[in-house]
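Residues per chain, in single letters:
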Amino acid sequence: MTTELRFLAASIILGLVHLIVDSHLISFQHGYRWTASSREQPVPPLSGVANRVDQAYTNFMETFPFFATVVLAAHLIDRHTALTLWGAQLYFWGRLGYVLAAAAGYGMIRSALFFNTALAGITLFLIALLQ
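1. Here's the deal with the environment of Ile-26
Turning to step 1, where the next piece is worked out: Tracing the chain through its elements places Ile-26 in helix H1 (residues 3-30).
Turning to step 2, where the next piece is worked out: Sequence separation between Ile-26 and Leu-46 is 20 residues, and the spatial gap between their C-alpha atoms is 7.2 Å.
Turning to step 3, where the next piece is worked out: Contact partners of Ile-26, with chain neighbours within four places excluded, come to Gly-31, Trp-34, Leu-46 and Asp-54.

Listed below in structure tokens is the structure:
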């Protein structure tokens, strides 16, 4: 298994852990009974760490398909370069930093540093694929 595929697998694990934590934080605020229901009853908006982690999960789900696509494309055409190695690492560590910064309430660091780090990882893959 290539390093890029290992970081893809690690990103999937990160996404699953993120989903589980997000689900529990939502349930802590709205109750597990609401979580298990049809969710048709109005509830107040999430607040605090639950809101921040939920927004970070939404952001993860917006970027992950792009990352998975470029990793798999690179694998299919057997393109493994320093750009793809750096791209995989930047995406994973950027996403991990993003969720931790979001949970801690560091909005500017979350966006300016970690989102852009993950985005740079995807961009490096694109550059490698287009060469």
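Let us keep going from here.
2. What to know about the packing of aromatic side chains
How two aromatic rings sit relative to each other is given by the distance of their centres and the angle of their planes.
Turning to step 1, where the next piece is worked out: According to the stated counting rule, one finds seven aromatic pairs in the structure shown.
Turning to step 2, where the next piece is worked out: By way of ring pairs, the aromatic residues Phe-7, Phe-92 and Trp-93 are connected into one cluster.
Turning to step 3, where the next piece is worked out: Across from the ring centre of Trp-34, 5.1 Å away, lies the NZ or CZ of Arg-39, which sits over that ring.
Turning to step 4, where the next piece is worked out: Just above the ring of Tyr-98 sits the side chain of Arg-95; from NZ or CZ to the centre is 4.4 Å.

3. Examining the packing of helix H4 (residues 82-104) against helix H5 (residues 107-130)
Turning to step 1, where the next piece is worked out: One can describe the packing of H4 onto H5 by two numbers: an axis separation of 7 Å at closest approach and a directional angle of 160°. The angle between H4 and H5 falls in the class roughly antiparallel. Helix-helix and strand crossings are classified by hand; for H4 and H5 the assignment is left-handed.
Turning to step 2, where the next piece is worked out: Looking at the contact of H4 with H5 residue by residue, the class counts come to 18 nonpolar, six polar and two charged.

4. Some details on the side chain of Arg-95
Turning to step 1, where the next piece is worked out: Here Arg-95 shows up in helix H4.
Turning to step 2, where the next piece is worked out: In this structure, Arg-95 is buried with no salt-bridge partner, the nearest side chain bearing the opposite charge being Glu-62 at 7.5 Å.
Turning to step 3, where the next piece is worked out: A distance of 2.6 Å separates the side chain of Arg-95 from the side chain of Asn-59, its partner in a polar contact.
Turning to step 4, where the next piece is worked out: Not counting the four nearest positions on each side in its chain, Arg-95 is found in contact with Leu-14, Ala-56, Asn-59, Phe-60, Thr-63, Phe-115 and Ala-118.

5. Here's the deal with the environment of Ala-56
Turning to step 1, where the next piece is worked out: Note that Ala-56 resides in helix H3 (residues 48-76).
Turning to step 2, where the next piece is worked out: The exposure class assigned to Ala-56 is buried, which follows from its relative accessible area of 1%.

6. Here's the deal with unusual backbone geometry
Turning to step 1, where the next piece is worked out: A positive phi angle is found at Arg-39, which is not glycine, with a value near 60°.
Turning to step 2, where the next piece is worked out: Topologically, Arg-39 is positioned in the loop between helix H2 (32-36) and H3.
Turning to step 3, where the next piece is worked out: Its identity is not glycine, yet Asp-78 carries a phi of approximately 55°, on the positive side.
Turning to step 4, where the next piece is worked out: Here Asp-78 lies in the loop between H3 and H4.
Turning to step 5, where the next piece is worked out: With a relative accessible area of 60%, Asp-78 lands in the exposed category.

Here is what the cut-offs are and how they apply
Residues numbered from 1 in each chain as written. Predicted model: local features only at pLDDT ≥ 70, side-chain atom pairs only at ≥ 80, totals over all residues. Heavy atoms only, no water. Helix = DSSP H or I, 4+ residues; strand = E, 2+ residues; numbered from the N terminus. Contact = heavy atoms within 4.5 Å. Phe/Tyr/Trp six-rings, centres within 6.5 Å; stacked < 30°, edge-to-face > 60°. Lys NZ or Arg CZ within 6 Å of the ring centre and 35° of its normal. Axes fitted to C-alpha atoms, helices over the stretch in contact; angles between N-to-C directions. Parallel < 35°, antiparallel > 145°, perpendicular 65-115°, else oblique. Left-handed = near helix turned anticlockwise from the far one by under 90°. Nonpolar A, V, L, I, M, F, W, Y, C, P; charged D, E, K, R; others polar. Buried < 20%, exposed > 50% of the residue type's maximum accessible area, 1.4 Å probe, protein only. Lys, Arg positive; Asp, Glu negative; His and termini not counted. Salt bridge = Lys/Arg side-chain N within 4 Å of Asp/Glu carboxyl O. Polar contact = N/O pair within 3.5 Å; in protein donor to acceptor, adjacent residues only side chain to side chain.

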